[in-house]
Amino acid sequence: MSIFWTGFLGSIVVEVGTMARACANLDGGIPQRYKSFIYLPVRFLLALCGGAIATVFDAKTGLVAFYLGASAPVVIDKLAQGALPTLPPDSPG
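Residues numbered from 1 in each chain as written. Predicted model: local features only at pLDDT ≥ 70, side-chain atom pairs only at ≥ 80, totals over all residues. Heavy atoms only, no water.

K.L.:
What should I look at first to understand the packing of aromatic side chains in this one?
P.N.:
The relative placement of two aromatic rings is captured by the distance of their centres and the angle of their planes. Taken as a whole and judged by the stated rule, the model has 4 aromatic pairs. Aromatic side chains Trp5 and Phe8 sit 5.2 Å apart centroid to centroid with 80° between the ring planes, which places their arrangement in the edge-to-face category. Taken as a pair, Trp5 and Phe8 lie in helix α1 (residues 3–25) at a separation of 3 residues, close to a single helical turn. A relative accessible area of 46% places Trp5 in the partly exposed class. By relative accessible area, which is 14% here, Phe8 ends up buried. Aromatic pair Tyr34 and Tyr39: ring centres 5.3 Å apart, planes at 85°, arrangement edge-to-face. Residue Tyr34 is classed as buried on the basis of its relative accessible area, which comes to 10%. A relative accessible area of 23% means that Tyr39 is categorised as partly exposed. (Phe/Tyr/Trp six-rings, centres within 6.5 Å; stacked < 30°, edge-to-face > 60°. Helix = DSSP H or I, 4+ residues; strand = E, 2+ residues; numbered from the N terminus. Buried < 20%, exposed > 50% of the residue type's maximum accessible area, 1.4 Å probe, protein only.)

K.L.:
Any chance you could explain the packing of α1 against helix α2 (residues 39–56) here in plain terms?
P.N.:
In helix packing, the relevant descriptors are the interaxial angle and the interaxial distance, both defined with respect to the helix axes. The geometry of α1 relative to α2 is characterised by a closest axis approach of 7 Å and an angle of 135° between their N-to-C directions. With respect to their mutual orientation, α1 and α2 come out oblique. In this structure, α1 meets α2 at a crossing whose hand is right-handed. Contacts between α1 and α2 pair Ile3, Phe4, Gly7, Phe8, Ser11, Ile12, Val14 and Glu15 from the former with Tyr39, Arg43, Phe44, Leu46, Ala47, Leu48, Gly50, Gly51, Ala52, Ala54 and Thr55 from the latter. Class assignment of the residues belonging to the contact of α1 with α2 gives a composition of 12 nonpolar, 5 polar and 2 charged. (Axes fitted to C-alpha atoms, helices over the stretch in contact; angles between N-to-C directions. Parallel < 35°, antiparallel > 145°, perpendicular 65-115°, else oblique. Left-handed = near helix turned anticlockwise from the far one by under 90°. Contact = heavy atoms within 4.5 Å. Nonpolar A, V, L, I, M, F, W, Y, C, P; charged D, E, K, R; others polar.)

Here it is as structure tokens:
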């Protein structure tokens, strides 16, 4: 399996675990967010971003790609908050 799809799968596995926990908390009921028209397409796009992150970071193993895909929501959230790493003043770039 390619690095992209392994990262994608890592992101999907996180959502499956989240959904299972949410359903268990509702005694098997379906959480409202999964009934939303927009939630699942957006979550699919987030999973695609997980694959892209694994590819951009050039993951060398499937495990690393899976982990990068699983951490995609955190990475994207930090980017959205503007938490990009800053370079020291004397560094090239």
